[in-house]
Amino acid sequence: MGEAIYKRELDHSYMVLKCEEGDLTGGYAYRMMTRNRIGKLLDCSQRQMDGETFLYYDISSRQPLERIYEARKLGIRDLSHIIHAVSAMQEDLGEYLLDGQGLLLEAETIFGDVETEELYFCFYPGKEKSVGCYARLADFFLEHVDHGQEHAVNAAYQFYKMSKSDYFVLSSFLPFLDREMAEEKRREERETPVLAEGVLPLKAEYDTAPELDYGLDAQEEDEEDTKKSFWLFRLFKRRKKREAPVSRTEPPAETVWDSYVGQFDLAGSGETVYFTDLDSLTRERRGIPCLSEEGGERIFPLEDLPMTVGKLKEKVAILLQDSSVSRIHARLEATAEGVGVQDLNSRNGTLVNGEKLSPHESVVLQEGDVIQFGRERFRYGFLDSKSIK
């Protein structure tokens, strides 16, 4: 099985794997996976080119796990969702007498629908039994787990430890995972305040206690006032915490680098510039990288890279609502050479100066380049930082 490459043909995108075993069409596993709809297996077809065999997996409108969790962390619910999906897929394969070892359990070969969150899997019919088939998935969990969630961390580390065993089966881990999930739910219930009848939930927009008339006697009114005061006190503390100025640590007056006078001097004054100031000073000289709409007024400063482009609200940083743009279309990222753009398996493609990128292909942008997402066209350039308020 060779390294995955990506291709686009008409309205479909494919992940392509080269088969080292040659012709697989005569095998039972291949016939079963291509002639039946088995669970959430990606549609697969075999092609012969120049005497070599390739498997084409249809990944249209889907993104790999590594991309989905690139900018966010794995919580206990995410772990539970992924692992239970793998378990269900293995059970579906078993009904067709297919060995679950054929599943490719890696973050780049498990694909998700970014809207429905359903997961889809690649099955490689010629894969031999191997020890540690969960190793790369376990590593992915450890690298992306949310360390602020105790139960997510527990589950990720337990999965990592158990998967190292030569005789590990996923069903042996599920009870532990379900217990951690139950503990997380109980923790959330404990931390959720139970409000008495007639007491409104705490909301940020409440400036005063709600005026409620329940026909209570004097003692009950006193108790009700106490409850209102308690919630208003919590609201006040929360607001004060939000409004409190952020303290910043000033750089030390002298550092060992001060002996290198002018080494980082961008203005030629002889003053030493701190590392933390280099990026901002460079930005002031050249400006903030941005995308400017051709023939329009929209400008998107590229300050907080990476940024995702698409039309799926609340999932992308640059929202383009043209019907030719995919829900998750492309990604803008910082590289050592500058700002790069990568196509994310979009239906109509991403073009740079008229050249269409292959799925997941990335190129570094130069000032003046024209980038096209579907029908949407933008020019890459720099924006004077002083014009950004």
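Before reading on, note that the structure itself is shown above.
Residues numbered from 1 in each chain as written. Predicted model: local features only at pLDDT ≥ 70, side-chain atom pairs only at ≥ 80, totals over all residues. Heavy atoms only, no water.

Colleague: Looking at this structure, I do not really get the overall build of the chain. What am I missing?
Modeller: Along the chain, the regular secondary structure elements total eight helices and 18 strands. The burial tally for the chain puts 38% of its 389 residues in the buried class. Contacts in the chain between residues far apart in sequence, at least 24 positions, make up 54% of those at least 6 positions apart. (Helix = DSSP H or I, 4+ residues; strand = E, 2+ residues; numbered from the N terminus. Buried < 20%, exposed > 50% of the residue type's maximum accessible area, 1.4 Å probe, protein only. Contact = heavy atoms within 4.5 Å.)

Colleague: Hey, could you run me through the side chain of Asp369 in this one?
Modeller: For Asp369, the location among the structural elements is in the loop between strand S16 (362–364) and strand S17 (370–373). Although buried, Asp369 forms no salt bridge, and the nearest oppositely charged side chain, Arg379, lies 7.1 Å from it. A polar contact is formed between the side chain of Asp369 and the side chain of Asn353, at a distance of 2.9 Å. (Lys, Arg positive; Asp, Glu negative; His and termini not counted. Salt bridge = Lys/Arg side-chain N within 4 Å of Asp/Glu carboxyl O. Polar contact = N/O pair within 3.5 Å; in protein donor to acceptor, adjacent residues only side chain to side chain.)

Colleague: I'm lost on the sheet that holds strand S4 (residues 52–58) in this one. Help?
Modeller: Sheet strands line up and pair through hydrogen bonds in the backbone, either parallel or antiparallel. Read across the sheet, four strands follow the order S1-S2-S4-S3 without closing on themselves; strand pairing throughout is antiparallel. One side of each edge strand has no neighbouring strand; the edge strands of this open sheet are strand S1 (5–9) and strand S3 (44–49). Each strand axis lies, on average, 35° off the axis of its neighbour in the sheet, ignoring direction. When strand S2 (residues 12–19) meets S4, the two strands line up antiparallel, connected through six bridges. (Pairing = 2+ DSSP bridges. Axes fitted to C-alpha atoms, helices over the stretch in contact; angles between N-to-C directions.)

Colleague: Would you explain the nonpolar core in this entry?
Modeller: Looking at soluble globular proteins, one finds that nonpolar side chains tend to be buried together. One finds Leu41, Tyr57, Phe121, Phe141 and Phe159 to be the most contacted residues of the largest nonpolar core, which totals 59 residues. Not counting chain neighbours up to four residues away, the residues in contact with Phe159 comprise Ile83, Tyr134, Leu137, Ala138, Phe141, Phe168, Leu170 and Phe173. Residues Leu302, Val352, Leu357 and Tyr380 belong to the second largest nonpolar core, which totals 19 residues. (Core = buried A, V, L, I, M, F, W, Y, C linked by side-chain atoms within 4.5 Å.)

Colleague: Where do I start with the sheet that holds S17 in this structure?
Modeller: As summarised here, the arrangement of the six strands in space is S9-S8-S18-S17-S14-S15, forming an open sheet in which the pairing is antiparallel. Of all strands in the sheet, those bounded by a partner on one side alone are strand S9 (299–301) and strand S15 (355–356).

Colleague: I tried to follow the pattern of salt bridges on my own but got confused; where do I start?
Modeller: When the charged atoms of two side chains with opposite charge come close together, those side chains can pair. Summed over the entire model, instances satisfying the criterion amount to 22 salt bridges. Put simply, Glu52 and Lys18 hold a salt bridge, and the shortest N to O gap is 2.8 Å. Of this pair, Glu52 sits in strand S4 while Lys18 sits in strand S2; the two residues are 34 residues apart in sequence, bridging distant segments of the chain. Looking at Lys18, the relative accessible area reads 28%, which means it is partly exposed. For the salt bridge of Glu115 with Arg327, the shortest nitrogen-to-oxygen distance reads 2.6 Å. Placement of Glu115 in the loop between strand S6 (110–112) and strand S7 (119–121) and of Arg327 in the loop between strand S11 (318–319) and strand S12 (330–335) is noted, with a sequence separation of 212 residues between them.

Colleague: How do you make sense of the packing of aromatic side chains when you look at a structure like this?
Modeller: Given two aromatic rings, one states the distance between the centres and the angle between the planes to describe the pair. Within the structure shown, the criterion is met by 11 aromatic pairs. Where Tyr134 meets Phe168, the ring centres are 5.2 Å apart and the plane angle is 85°; that geometry is what we call edge-to-face. With a gap of 34 residues between them, Tyr134 in the loop between S7 and helix H4 (135–144) and Phe168 in the loop between helix H5 (150–163) and helix H6 (174–191) connect regions that are remote in the sequence. Here the two residues Tyr134 and Phe168 agree in accessibility, since each one is buried. Note on Phe159 and Phe168: the rings are 5.9 Å apart at their centroids and 85° apart in plane angle, and the pair reads as edge-to-face. (Phe/Tyr/Trp six-rings, centres within 6.5 Å; stacked < 30°, edge-to-face > 60°.)

Colleague: Got a minute to help me understand the pairing of strand S8 (residues 288–293) in this structure?
Modeller: Looking along a regular strand, one sees side chains alternate from face to face of the sheet. The pairing of S8 with strand S18 (residues 376–383) spans six bridges and is antiparallel. Counterpart to Cys290 in the pairing with S18 is Gly381. Pairing between S8 and S9: three bridges, direction antiparallel. Residue pairing for S9: Leu291 is matched across the bridge by Phe300. Linking S8 back to S9 in an antiparallel pair, the connection comprises five residues, with Gly295 at a positive phi of about 75°.

Colleague: Please clarify how the packing of helix H3 (residues 76–95) against H6 should be interpreted in this entry.
Modeller: For any two helices packed against each other, the geometry is given by the interaxial angle and the distance between the axes. It is the contact of H3 with H6, at a shortest axis distance of 10 Å, that shows an interaxial angle of 150°. On the basis of their axis angle, the class for H3 and H6 is roughly antiparallel. Note that H3 runs across H6; the crossing there is left-handed. Within the contact between the two elements, H3 uses Ile76, Arg77, Leu79, Ser80, Ile83, His84 and Ser87 and H6 uses Leu174, Leu177, Asp178, Glu180, Met181, Glu184, Lys185 and Glu188. For the contact of H3 with H6, the per-class residue count stands at six nonpolar, three polar and six charged. (Parallel < 35°, antiparallel > 145°, perpendicular 65-115°, else oblique. Left-handed = near helix turned anticlockwise from the far one by under 90°. Nonpolar A, V, L, I, M, F, W, Y, C, P; charged D, E, K, R; others polar.)

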